[in-house]
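Residue-level structural notes
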Amino acid sequence: MGPIPLLLLLSYTAVSVVCGVESEEDYTWHLRKVPQVLNKRTVTLSSPGFKAEAKPVLNGTCGIECQSRLPLASVADLENFLSYETVYENGTRTSTEVYFRDFDVQAEHEVMKDSHSRGKRQVYGMDSRFSISDKQFVTNYPFSTTVKVSTGCTGILISPKHVLTAAHCVHDGTDYIKGAKKLRVGILKLRSKRRGKKRKGSKRNKRAAEVKPSFQWTRVKRTQLPKGWFRGVTDDVAVDYDYAVLELKRPHKKKFMELGISPTVKKLPGSRIHFSGFDDDRPGQLVYRFCSVSDESNDLMYQYCDAQPGSSGSGIYIRLKEPEKKKWKRKIIGIFSGHRWVDVNGMQQDYNVAVRITPLKYAQICFWIRGNYADCQYG
């Protein structure tokens, strides 16, 4: 797709809701105080085995319908689920227990108070993905925030040194996957490649240089993920904790995308979400899509976006208006977990699933990025 059609597409997604029933004033980022997720105790564990195999499609997930029949997690349960492991580049591993302060259970269960009836599941037909082939678009914001994880997934830049991705891209619930031992992140950058050799004695190469995007790879020095993802901790709701943060060995110079707390579907412009990823069936291409959310729970979103393996770990984002400003701002509100077979009334059905960033998850991820609680009070 060329740059002009893409511009029209992005313009349409930005203004379509303004022409509808709701006005743009209804779609604003409302900062609110978030709970503190505080470290209680850290212990050293043995080094991981790094023997697990990566799985592009995950089966047997207890999804929204299944989870609706489960009792609500207690504060003690949530503190256990958000306790986390840290794995370092040299193979050492630690486990950290957490506790909460200023935690509002009702705020964490906002979706249950603002629930809506679910529409019929969409039958996927025409492929609605758009390959970002123009080299200027692919290396500029917001597409430039999308990165490739060396285990075959996608991630998104959330700070000068941090990447948000899916937990299953580095861990299968029992052990870290093989590729996570020497984990790397690829950032697309424009590079010049000259066509032909420089002549002896000439000051310039007369043949034009071909400029094309390519990955610049950076090692990951630290990986953090919640215990809620581990088998034996949250077997029924593990997908709710399918997220991880990777700290890069050296900072990048790209503009990153900020985190935001996921609003309910009714507060999404056009009920739409957006994300870009490196789908396996389009090698070497960045693929963008936007689509409607069909159902949600406190921690999950089902959506209609066409996606293929490789796009797991993509950052789900929306655009809302900044308070008292005319500018619209993109923020990440979720992580694309991927195409999953979920339990629905005792039968397996396939859905595309995203993990919502709740107030607790926002507080935890923010602390992983910033290393202090003072900068993570509002989200």
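Let us look at the structure shown here. Fair warning: this is a prediction, and the values are worked out from it, not measured in the lab.

When you go through the chain residue by residue, the secondary structure sums to 7 helices and 18 strands. Burial analysis of the chain (379 residues in total) assigns 53% to the buried set. Long-range pairs, those at least 24 residues apart, make up 75% of the contacts in the chain between residues at least 6 apart in sequence. Summing over all exposed atoms, the chain offers an accessible surface of approximately 18,200 Å²; the carbon and sulfur share of this is 50%.

Put simply, Tyr141 and Pro142 share a cis peptide bond, and its omega is 5°. Mapped onto the fold, Pro142 is located in the loop between helix H6 (135–138) and strand S6 (146–149). The phi angle at Glu324 is positive, at roughly 60°, despite the residue not being glycine. Considering the arrangement of structural elements, one finds Glu324 in the loop between strand S16 (315–321) and strand S17 (328–344). With relative accessibility at 86%, the residue Glu324 sits in the exposed group.

For the coordinates displayed, the defined rule picks out 8 cavities of 30 Å³ or more. Quantified by volume, the largest cavity comes out at close to 120 Å³. For the largest cavity, the lining is made up of 15 residues, of which Val87, Ala180, Lys181, Leu183 and Thr223 are closest to its centre. Looking at the lining of the largest cavity, the elements with two or more residues in it are strand S3 (84–88) and strand S10 (209–226). Counting residues per element, the lining of the largest cavity draws most heavily on S10, at 5 residues. Its residues assigned to classes, the lining of the largest cavity comprises 8 nonpolar, 1 polar and 6 charged.

This part is about helix H7 (residues 359–370). Taking 1.5 Å per residue as the helical rise, H7 with its 12 residues ought to reach 16 Å, and the 16 Å between its terminal C-alpha atoms agrees with that figure. Most of H7 is tucked away, with 11 of its 12 residues classed as buried. By the burial criterion, the buried members of H7 are Pro359, Leu360, Lys361, Tyr362, Ala363, Gln364, Ile365, Cys366, Phe367, Trp368 and Ile369. The first or second residue beyond H7 is Gly371, which carries a positive phi of 80°.

If you walk through the whole model with that rule in mind, you get 13 salt bridges. Between Lys178 and Glu53 there is a salt bridge, with its nearest N and O atoms 2.5 Å apart. Separated by 125 residues along the polypeptide, Lys178 in the loop between strand S8 (162–165) and strand S9 (184–194) and Glu53 in the loop between strand S1 (36–45) and strand S2 (58–61) bring together distant segments of the chain. Judged by its relative accessible area of 47%, Lys178 is partly exposed. For the salt bridge of Arg289 with Asp279, the shortest nitrogen-to-oxygen distance reads 2.9 Å. Taken together, the residues span a long stretch of sequence, with Arg289 in strand S14 (residues 286–296) and Asp279 in the loop between strand S13 (272–277) and S14 at a distance of 10 residues. Taken individually, Arg289 and Asp279 each receive the classification buried, so the pair is uniform in this respect. Among the ionic contacts, a cluster of salt bridges with common partners joins Lys161, Lys221, Arg222 and Glu247.

Basis of the calculations
Residues numbered from 1 in each chain as written. Predicted model: local features only at pLDDT ≥ 70, side-chain atom pairs only at ≥ 80, totals over all residues. Heavy atoms only, no water. Helix = DSSP H or I, 4+ residues; strand = E, 2+ residues; numbered from the N terminus. Buried < 20%, exposed > 50% of the residue type's maximum accessible area, 1.4 Å probe, protein only. Contact = heavy atoms within 4.5 Å. Areas by Shrake-Rupley, 256 points an atom, 1.4 Å probe, with all protein chains shown as cover. 1 Å grid on protein atoms, 1.4 Å probe; cavity = no way out; pocket = protein on both sides within 12 Å on 5 of 7 lines; lining within 4 Å. Points joined across faces, edges and corners; volume = space filled by probe spheres on them. Nonpolar A, V, L, I, M, F, W, Y, C, P; charged D, E, K, R; others polar. Expected span 1.5 Å × (residues − 1). Salt bridge = Lys/Arg side-chain N within 4 Å of Asp/Glu carboxyl O.

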